[in-house]
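If you want the building blocks of each chain, they are given just below.
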Amino acid sequence: MAEFHYFAALAILASTAISLWRTLKGPTRADRMMGTLLVGTGGVAILVLLFLIHGQSGVLDVALLLALLAAFAAVGFVKSVSPDGAGDPEEEG
Amino acid sequence: MMAAYASAVLIALGLIFFLAGTLGLLRFPDAHSRLHALTKADNLGLGFIVAGAAVQAGDVWTVLKLLLIWILALIASTTVAQLIARSAAPRNIGGEGGGG
Amino acid sequence: MNIGAVFDLLLCLLILVVAVGAVGGRLLFTNVSLFVVFGLLLALGWVRLDAVDVALAEAAIGAGLTGVLLLGAVARLENTGSGPVRLSPIPALLCLTIAVGIGGAFLRVNDAGPRLEPMVRANLGEAGVDNPVTAVLLNFRSYDTLLEAVVLLIALVGVWSLTRDACWRQTPGIRQHARPDGILANFGRLLAPFGLIVGIYLVWAGSEAPGGAFQGGTVLAAAWLLAVMAGLAMPPTTADTRLRWVLVAGPLLFLLAGIYGMTQGAFLGWPPGMAATLILAIEFGLALSIAATLALLVLGAPRRVS
């Protein structure tokens, strides 16, 4: 069973690695950030699989923290590309 | 036993969605359609993997924590999708001519 | 070779490739994105090495807080495309020598010789906590942790020292605003309290499970920064006395506990009966100070003219 979990984790790691091509290619900043966010979601999935392999409950805490902070980083990105660096994309002007 | 097989099937389904998400991110024509691939396909894949893990979990607290992780990822992804989509709208696409 | 080893190999390869990409690229924003990915991959590596406490800290600080800090910095730069990357020979040679030296020394380490882990495990009963990492950080080597907390504070003083005279005594950073009933504001309303709970849980769990003051404090900083970015909270001004008390509370508490330990035998030495209580008190104080310091570091120096 652990073999299958390792294989799944390997597959997700490989697919997130391939998606970094989008981070390199762009063309917009949003595209590059999306590649990073995909690694974030993939990382959470890999951590859940590693939890199945290792069995330590602390690994799930890392997954929880990763999900929370990936969201935080995305909000930071959206703020940084707004016109004055501190705005909300929903505000007009 | 049953739980192991069910878990394996769920994790395999999750893998398929993850691969689909990566494919979408690489092949879709523009930023907004890529957002669909990122936030929908990947979170569904994560949900299947969490379900596969929950089936094999030992106690109810682990299942609850796994569910919490998935719900958090869902809420974060939906919100981030909306925010990035609006910030990448044609009037300020976020890309630069010369740098960035 | 079993699949686990293949996974580890791919992870190490990816970490190296992403590290090179993060410093060698031409576009600064790509470099910053790859740096965040680097932090995420490193966190995975720490989990594979069974160092869950370090993984927590890496994911929180490396991927989350530093990511937001760098994203804000890139947004403020006007020209974010540097020229083609040139390799300087002498620094490259120096780095290569150091890397080869460290790698060779690591490969020559064998398991014979004195190891610290048995000593830690032997004394864990008197340490007051069950998590050996927390025992080392806050009991056996508490001196290092005290100095780390002070270093963070000094870093903040350094950042504040960059303030222009006209902006002193204002709130740090620029004014964050968001539509009051929009998505970002509601996201902050939802996630900030959740982050608060997770942060407090991590500090509390640090005595038995992976966690601790740094990890919990980082999540608390992120939760508060999320509230600020969503326009739900205003940072206090740099002249605010309560803020300054919060910033020094952690190291001060640590120092006072150390002096109390001095009356009981050794500076920073906890008597076995009181160790658990002292460590818990210090952890919460440190978490508060670290949260405030990290959040203010990300916000930056005051930039608004009154």
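Residues numbered from 1 in each chain as written. Chains lettered and ligands numbered in written order. Predicted model: local features only at pLDDT ≥ 70, side-chain atom pairs only at ≥ 80, totals over all residues.

### Comments concerning the overall build of chain A
- The number of helices and strands found in chain A is 3 helices and 0 strands.
- Counting from the amino terminus, chain A carries its helices and strands in the arrangement α-α-α.
- Relative to the globule expectation of 12 Å for 93 residues, the C-alpha radius of gyration of chain A, 16 Å, shows a markedly less compact shape.
- Referenced to the eigenvectors of the C-alpha coordinate spread, the extents of chain A come out at roughly 55 × 30 × 15 Å.
- When each of the 93 residues of chain A is scored for burial, the buried share is 72%.
- Intrachain contacts of chain A at a sequence separation of at least 6 include 42% that bridge at least 24 residues. (Helix = DSSP H or I, 4+ residues; strand = E, 2+ residues; numbered from the N terminus. Rg over C-alpha atoms; globule rule 2.2 N^0.38 Å. Buried ≥ 20, exposed ≤ 12 C-beta atoms within 10 Å, placed from the backbone. Contact = placed C-beta atoms within 7 Å.)

### Topic: the overall build of chain B
- Broken down by element type, chain B carries 3 helices and 0 strands.
- Taken from N to C terminus, the helices and strands of chain B fall in the order α-α-α.
- Relative to its full complement of 100 residues, chain B shows a buried share of 45%.
- Sequence separation of 24 or more characterises 63% of the internal contacts of chain B that already satisfy a separation of 6 or more.

### Quick look at the confidence of the model for chain B
- Counting all residues, the mean pLDDT for chain B is 85, and 89% of those residues have values of 70 or more.
- What the predictor reports for the complex is a pTM of 0.89 with an ipTM of 0.93. (pLDDT = per-residue confidence, 0-100.)

### With respect to the packing of helix α2 (residues 29–54) of chain A against helix α1 (residues 2–27) of chain B
- Packing of α2 of chain A against α1 of chain B brings their axes to within 11 Å, and their N-to-C directions diverge by 170°. One finds that α2 of chain A runs roughly antiparallel with respect to α1 of chain B. Of the residues in α1 of chain B, those touching α2 of chain A at M34, G35, L38, G42 and A45 of chain A are G14, F18, G21, T22 and L25 of chain B.
- Split into classes, the residues belonging to the contact of α2 of chain A with α1 of chain B amount to 5 nonpolar, 5 polar and no charged. (Axes fitted to C-alpha atoms, helices over the stretch in contact; angles between N-to-C directions. Parallel < 35°, antiparallel > 145°, perpendicular 65-115°, else oblique. Nonpolar A, V, L, I, M, F, W, Y, C, P; charged D, E, K, R; others polar.)

### As for the interface of chain A and chain C
- Opposite the 48 residues of chain A that make contact, chain C presents 49 residues.
- Those elements that provide at least two residues to the side of chain A that touches chain C are α1 (2–25), α2 and α3 (58–80) of chain A.
- With 17 residues, α3 of chain A is the largest single contributor of residues to the side of chain A that touches chain C.
- For the side of chain A that touches chain C, a count of residues per class yields 28 nonpolar, 12 polar and 8 charged.

### Comments concerning helix α11 (residues 275–299) of chain C
Residues and elements named next belong to chain C.
- Along its 25 residues, α11 runs 36 Å from first to last C-alpha, staying within 8% of the 36 Å computed at 1.5 Å per residue.
- Taken across its 25 residues, α11 has 19 buried, putting it largely inside the fold.
- One or two steps after α11, the chain reaches G300, where phi turns positive at roughly 95°. (Expected span 1.5 Å × (residues − 1).)

### Focus on the nonpolar core
- V48, V62 and A67 of chain A are the most contacted members of the largest nonpolar core, which has 156 residues in total.
- Considering every element that reaches this core, the biggest residue donor is α3 of chain A, with 18 residues.
- Two domains share this core, each providing at least three of its residues, namely domain 1 (1–78 + 85–109) and domain 2 (131–306) of chain C.
- Aside from chain neighbours lying at most four places away, what touches V48 of chain A is A63 of chain A together with I49, V50, A53 and L66 of chain B. (Core = buried A, V, L, I, M, F, W, Y, C linked by C-beta atoms within 7 Å. Domains from an automatic or database assignment.)

### A closer look at unusual backbone geometry
All names here are of chain C.
- Not every positive phi belongs to a glycine, and R169 is a case in point at roughly 70°.
- Mapped onto the fold, R169 is located in the loop between α7 (142–160) and α8 (183–205).
- For R169, a count of 12 C-beta atoms within 10 Å gives the class exposed.
- Of note in the backbone geometry, L268 takes a positive phi value of approximately 65° without being a glycine.
- Owing to 21 C-beta atoms within 10 Å, L268 belongs among the buried residues under this scheme.

### Quick word on the packing of helix α3 (residues 60–87) of chain B against α8 of chain C
- For the pair α3 of chain B and α8 of chain C, the least separation of the axes is 10 Å and the interaxial angle reads 160°. If you check the angle between α3 of chain B and α8 of chain C, you find them roughly antiparallel. As for the relative orientation of α3 of chain B and α8 of chain C, their crossing is left-handed in sense. Taken together, the residues of α8 of chain C that come into contact with α3 of chain B (itself represented by I75, T79, Q82 and L83 of chain B) are I183, L184, F187 and L190 of chain C.
- For the contact of α3 of chain B with α8 of chain C, the residue count by class is 6 nonpolar, 2 polar and no charged. (Left-handed = near helix turned anticlockwise from the far one by under 90°.)

### Topic: the environment of V63 of chain B
Residue and element names in this part refer to chain B.
- Tracing the sequence through the fold places V63 in helix α3.
- Taking C-alpha positions, V63 is 8.2 Å from A53, a pair spaced 10 residues apart along the chain.
- For V63, the contacting residues outside a window of four places in its chain are A54 and A57.

### Thoughts on the environment of V203 of chain C
Residues and elements named next belong to chain C.
- Checked against the element boundaries, V203 lands in helix α8.
- The exposure class assigned to V203 is buried, which follows from the 25 C-beta atoms found within 10 Å.
- For the pair V203 and V120, spaced 83 residues apart in sequence, the C-alpha to C-alpha distance is 21 Å.
- The contacts of V203, once residues within four sequence positions are left out, are G211, G212, A213, G216, E283, F284 and A287.

### Some points on the confidence of the model for chain A
- Confidence in the prediction of chain A, expressed as mean pLDDT, is 87, and 94% of residues score 70 or more.
- By mean pLDDT, the top-scoring element of chain A is α2 of chain A (92), and the lowest-scoring one is α1 of chain A (90).

### Remarks on the environment of A71 of chain A
- Tracing the backbone through its elements, the reader meets A71 of chain A in helix α3.
- In sequence terms A71 of chain A and G40 of chain A are 31 residues apart; their C-alpha atoms lie 9.2 Å from each other.
- Non-local contacts of A71 of chain A, meaning those with residues more than four positions away in its chain, are made with A76 and V80 of chain B together with L191 of chain C.

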